[in-house]
Protein chains: 2
Amino acid sequence: MKKYCLGIDIGGTSIKSGLFDRQGVLLEKWSIPTRIEENGKHIIGDIKDSTDRKLESLGLDPGQLSGAGVGVPGQVSRQGEVLFAENLGWYHVPLTEELTRQLGMPVRTENDANLAALGEMWKGSGSRCSNLLFVTLGTGIGCGIVADGRILTGAAGAAGEIGHIHIEDRMTEKCNCGKSGCLEQLASGTGLRRMGEWALASSNEPSLLREGEVSARTIFEAAAAGDSLAVRVAEQFGEYLGKALAICTCVLNPQAVLIGGGVSKAGEIVLDYIRKHYRKYAYPPCENTDFRLAALGGDAGIYGGARLMIEGGA
Amino acid sequence: MKKYCLGIDIGGTSIKSGLFDRQGVLLEKWSIPTRIEENGKHIIGDIKDSTDRKLESLGLDPGQLSGAGVGVPGQVSRQGEVLFAENLGWYHVPLTEELTRQLGMPVRTENDANLAALGEMWKGSGSRCSNLLFVTLGTGIGCGIVADGRILTGAAGAAGEIGHIHIEDRMTEKCNCGKSGCLEQLASGTGLRRMGEWALASSNEPSLLREGEVSARTIFEAAAAGDSLAVRVAEQFGEYLGKALAICTCVLNPQAVLIGGGVSKAGEIVLDYIRKHYRKYAYPPCENTDFRLAALGGDAGIYGGARLMIEGGA
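Conventions used here
Residues numbered from 1 in each chain as written. Chains lettered and ligands numbered in written order. Predicted model: local features only at pLDDT ≥ 70, side-chain atom pairs only at ≥ 80, totals over all residues. Heavy atoms only, no water. Domains from an automatic or database assignment. Contact = heavy atoms within 4.5 Å. Buried area = accessible area lost by both parts, 1.4 Å probe. Salt bridge = Lys/Arg side-chain N within 4 Å of Asp/Glu carboxyl O. Polar contact = N/O pair within 3.5 Å; in protein donor to acceptor, adjacent residues only side chain to side chain. Helix = DSSP H or I, 4+ residues; strand = E, 2+ residues; numbered from the N terminus. Nonpolar A, V, L, I, M, F, W, Y, C, P; charged D, E, K, R; others polar. Buried < 20%, exposed > 50% of the residue type's maximum accessible area, 1.4 Å probe, protein only. Pairing = 2+ DSSP bridges. Axes fitted to C-alpha atoms, helices over the stretch in contact; angles between N-to-C directions. Expected span 1.5 Å × (residues − 1). Arc of directions from axis to C-beta. Least-squares fit on C-alpha atoms with pLDDT ≥ 70 in both.

**Student:** What is the right way to read the domain arrangement of chain A from this model?
**Tutor:** Interfaces are often sized by the amount of accessible area the parts lose when they come together. Residues and elements named next belong to chain A. Here the domain parsing of chain A yields domain 1 (4-119 + 298-311) and domain 2 (128-295). Of note, the centres of domain 1 and domain 2, computed from C-alpha atoms alone, are 28 Å apart. Contacts between the two partners involve 13 residues from domain 1, matched on the other side by 17 residues from domain 2. Interface of domain 1 and domain 2: buried area, both sides summed, is about 1,000 Å²; carbon and sulfur atoms make up 54% of it. For domain 1, the biggest contributors to the area lost against domain 2 are Arg 78, Asn 114 and Ala 117; these three give 43% of the whole. For the pair domain 1 and domain 2, the interface holds zero salt bridges. Summed over the shared surface of domain 1 and domain 2, the number is three residue pairs in polar contact (both at pLDDT 80 or more). Where the side of domain 1 that touches domain 2 is concerned, the elements lending two or more residues are strand 5 (75-76), helix 4 (112-123) and helix 10 (300-311). The element contributing the most residues to the side of domain 1 that touches domain 2 is helix 4, with six residues. Taken together, the residues of the side of domain 1 that touches domain 2 sort by class into eight nonpolar, two polar and three charged.

Printed below as a string of C-alpha cells:
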C-alpha cells in the first residue's frame with residue numbers, strides 16, 4: 001500500500017494539484033495556469049511537466065504514489081473519457097488513458113463537482129455523512145452527489161445537474177443549455193445579480209443596491225442591513241433554491257446539503273434564506289435535512305481526487 | 001453456493017412469495033392474505049407458516065435456501081427495521097431480525113418500490129440498465145431508484161419518494177404527507193380521477209366521461225377516442241409527470257424510466273403523454289432517456305427480493 005497520492009483539479013483558469021498522504025493530510029499544494037488555447041491541447045502536457053518537477057523537488061518517484069484523481073469541469077464517461085468540457089475546449093478527450101501513460105501512475109477522472117462532493121465528505125463539512133449533496137453557487141450551479149459513500153454519476157456522467165432543474169415557467173430567456181427557466185438562471189451568483197437588477201429596474205424604491213455594484217455579496221449585505229428590496233431578492237432566491245432542494249432531498253434523502261461556491265461566502269444568511277423556503281416544500285421525513293456551508297473552499301476538488309484514489313484501493 | 005432463494009412482497013391486502021433459482025427462474029409462486037388487524041401482529045408468523053408449508057411440500061429445507069429478500073410498503077432503515085408502514089399498522093418493527101430467526105435463513109428487507117425496481121432491472125423491462133428509475137402510478141406514486149446496479153436508499157430509507165415532489169403551487173388540498181401540491185395528488189390513479197372530476201364539474205362540455213366511471217382507464221380510453229375533455233386531462237397529467245421526471249433525470253441521469261402500477265395498464269398512450277411534456281423540460285443531455293412500460297406487473301417485488309439475496313452474495 002503506497003503512502004502518497006495526488007489530487008488534481010482542472011479549472012478554466014488554473015490547474016490545482018495537491019500531494020496527500022493516505023490519511024488525507026495535504027502535504028504540498030501547487031497550481032499552474034490553464035492554457036485553454038488551441039482547444040486545450042497543452043493541458044495534459046502541462047500537468048505532466050508540473051507534476052514531474054514537483055515530485056523531483058520532493059525526491060519522490062511516480063512509482064511511490066498510488067495514483068492521481070483528476071477533476072474536470074465537464075461530463076466524464078465511465079471509461080474516463082471527457083465527453084465535453086466547454087471551458088477547456090475539450091470534446092472526447094480520453095483523459096484517464098492519456099494521463100495514466102504520461103504520469104506513469106494510475107489515474108481516475110471525475111466531474112469536478114462530484115470530486116468536490118467527495119472531498120467535502122472526506123475532510124470537509126460533510127464528514128460522517130455517507131449520503132450528501134454538495135451544491136456550488138457560482139457563475140452557474142454545480143452539484144455533486146454522494147450516495148452510500150460513493151459518487152453518483154448516472155448512466156452517462158450527467159447526474160447532479162441540478163442547475164438545470166426547470167423552476168420558473170414565466171422565464172423566457174434561454175439558459176446555456178438551450179431550455180429556459182433553469183434554476184441556475186435565477187439562483188446562481190449570476191442569477192442573483194439578474195434578479196437584483198430586475199428589482200431595481202421595476203421600481204423607484206430606495207435601496208442600498210442603487211449605490212454600487214449589484215452582486216450576491218452586496219445583495220446579502222443589504223438584506224442583512226434590512227434593505228427591503230434586497231430582502232425581497234434574497235427571499236426569491238431562497239424560494240427557488242429551497243423548492244429545488246426540497247425536490248432533490250425527496251429523491252435522494254441525503255443527511256446533509258452542503259452549500260459552497262462564491263455565493264456561499266456571504267455566510268450563514270444564505271443558508272437561512274434557503275432553509276426557510278425549503279421547509280415549506282420538503283417531504284416531511286426530509287424536513288430536518290442539515291444545511292451546512294462547505295468547508296474546503298477551492299481545495300475540495302483536490303481532496304476529492306486524493307480520496308478517489310484511496311477509495312479505489314490504490 | 002445455494003441453489004434457491006425466496007422473494008417475499010408484503011402488500012396491504014396480500015403477501016406474495018416466490019421461489020427462485022439463482023438464474024432468476026420463478027419456480028413456484030404463492031400468496032396469502034395480509035392480516036392487518038391488531039397492528040399487523042400476525043403478519044410475521046403467517047409468513048413463517050406459509051413458507052414452512054410450501055418448502056415442506058416441495059421437499060426443501062430452509063438450509064437449502066440462500067435466504068429471503070422481503071419488500072415492505074414503508075420506510076426501512078439500513079439495519080432492516082421497518083420505521084413505518086402505515087398500511088400494515090407497523091411502526092418500528094425489526095423485521096429483518098425477526099424473520100431471520102423465524103425462517104431460519106438470512107433475510108434482507110427493503111422498501112417495496114425499491115425492490116420492484118431491482119426486479120425490473122434483473123428480469124423485466126430494465127434489463128441491461130444499471131441506472132434506472134421505476135415509477136408506479138397507482139393509488140399513490142411510488143418510485144425505486146437503481147444507481148450503478150444497486151438500490152439507492154438514502155440516509156434513512158426515504159429516497160425515491162417522488163410522489164411528494166411539490167409540483168403545483170395552486171393546490172391547497174392537503175396530501176397524506178401533510179404538505180400540498182404533491183405530484184401524487186395529481187398524477188397518480190387517484191389524481192387522474194380527481195382531475196377528471198374537476199374537468200367535468202367545471203364545464204358542460206359533452207364527454208364520454210359523463211357516461212360512467214371516471215378512472216385512469218376510462219380517461220385514457222376516452223382520450224384515445226379523441227374526447228377533448230379527456231385529452232385535456234391526459235395532457236395535464238403528462239405535464240405534471242413529465243416536468244417532475246425531467247427534474248429526476250437531471251438529478252439522477254438514468255438510462256431508462258420504467259412506468260408501472262395500475263395506471264400503466266392503459267398502455268403506450270400513457271408514455272406518449274409523459275414523453276411529450278418531458279421533452280419540454282428535460283436537461284438536453286437527458287432528453288433521450290428511454291421511457292418504457294414495466295414488464296413484471298405485480299411480480300416485480302418478488303423478483304427483486306430474490307435478486308437482493310443473490311446480489312448480497314448469499
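We are not done yet, so read on.
**Student:** Explain the environment of Ile 302 of chain B to me, please; I cannot follow it from the model alone.
**Tutor:** Residues and elements named next belong to chain B. By the element assignment, Ile 302 lies in helix 10 (residues 300-311). Given the relative accessible area of 0%, Ile 302 is considered buried. Note: C-alpha distance between Ile 302 and Gly 7 (295 residues apart in sequence) is 4.1 Å. Residues in contact with Ile 302, not counting those within four places in the same chain, are Gly 7, Ile 8, Asp 9, Lys 16, Ser 17, Gly 18, Phe 20, Leu 26 and Lys 29.

**Student:** Honestly, the environment of Gly 67 of chain B in this entry has me stumped. Any pointers?
**Tutor:** Residue and element names in this part refer to chain B. Relative to the helices and strands, Gly 67 resides in strand 4 (residues 65-72). The spacing of Gly 67 and Gly 305 is 238 residues in sequence and 9.5 Å in space, taken between C-alpha atoms. What Gly 67 contacts, discounting residues up to four positions off in sequence, is Tyr 4, Cys 5, Leu 6, Met 105, Pro 106 and Met 309.

**Student:** So what exactly am I meant to see when it comes to the interface of chain A and chain B here?
**Tutor:** Facing 42 residues of chain A, the contacting portion of chain B comprises 42 residues. Together, the buried faces of chain A and chain B total about 3,400 Å²; carbon and sulfur atoms form 58% of this surface. The largest per-residue losses of area from chain A upon contact with chain B belong to Lys 179, Val 251 and Tyr 283 of chain A, which jointly make up 19% of the total buried on that side. Glu 287 of chain B is the partner of Lys 179 of chain A in a salt bridge, and the nearest nitrogen-oxygen pair spans 2.8 Å.

**Student:** Would you explain the sheet that holds strand 3 (residues 26-33) of chain A in this entry?
**Tutor:** Pairing between the strands of a sheet comes from backbone hydrogen bonds, and it takes one of two forms, parallel or antiparallel. All names here are of chain A. Taken in spatial order, the five strands line up as 3-2-1-4-8 in an open sheet, and their pairing is mixed. Across the chains shown, the open sheet's two edge strands, defined by having one partner strand only, are strand 3 and strand 8 (107-111). For this sheet, the mean angle separating the axes of adjacent strands, direction not counted, is 15 degrees. Here strand 4 (residues 65-72) pairs with strand 8 via five bridges, running parallel. Counterpart to Gly 69 in the pairing with strand 8 is Arg 108. Sitting on the sheet, helix 2 (residues 43-57) is in contact with strand 1 (4-10), strand 2 (14-21), strand 3 and strand 4, with an inclination near 140 degrees to strand 3. Against the sheet, helix 4 makes contact with strand 1, strand 4 and strand 8, and its axis sits at roughly 105 degrees relative to strand 8, the strand it touches most.

**Student:** How should I be thinking about helix 2 (residues 43-57) of chain B in this particular structure?
**Tutor:** For the α-helix, the turn length of 3.6 residues means that residues three or four positions removed from each other point alike. Residue and element names in this part refer to chain B. The terminal C-alpha atoms of helix 2 lie 21 Å apart, and with 15 residues this matches the ideal 21 Å at 1.5 Å per residue to within 8%. Listing the buried residues of helix 2 in full gives Ile 43, Ile 44, Asp 46, Ile 47, Ser 50, Thr 51, Lys 54 and Leu 55. Down the axis of helix 2, the smallest arc covering the buried residues is 160 degrees, so these residues share one side. The exposed residues of helix 2 that point more than 90 degrees off its buried face are Arg 53, Glu 56 and Ser 57. Among the residues trailing helix 2, Gly 59 stands out with phi positive, at a value near 70 degrees.

**Student:** What exactly am I supposed to notice about the relation of the copies chain A and chain B here?
**Tutor:** Note on the chain copies: they are related by a rotation about an axis and a translation along it. Superposing chain A onto chain B requires a rotation of 180 degrees together with a translation of 0.0 Å along the rotation axis, leaving an RMSD of 0.1 Å. In short, the pair behaves as if placed about a two-fold rotation axis. An overlap of 100% is found between the interface residues of chain A and their copies at the interface of chain B, pointing to a shared contact surface.

**Student:** Would you take a moment to explain the pairing of strand 7 (residues 90-93) of chain A for this structure?
**Tutor:** Sheet faces and side chains relate simply in a regular strand, where the side chains alternate between the two faces. Bridge count between strand 6 (residues 82-85) of chain A and strand 7 of chain A: three bridges; the pairing is antiparallel. Paired with Phe 84 of chain A across the strands is Tyr 91 of chain A, a residue of strand 7 of chain A.

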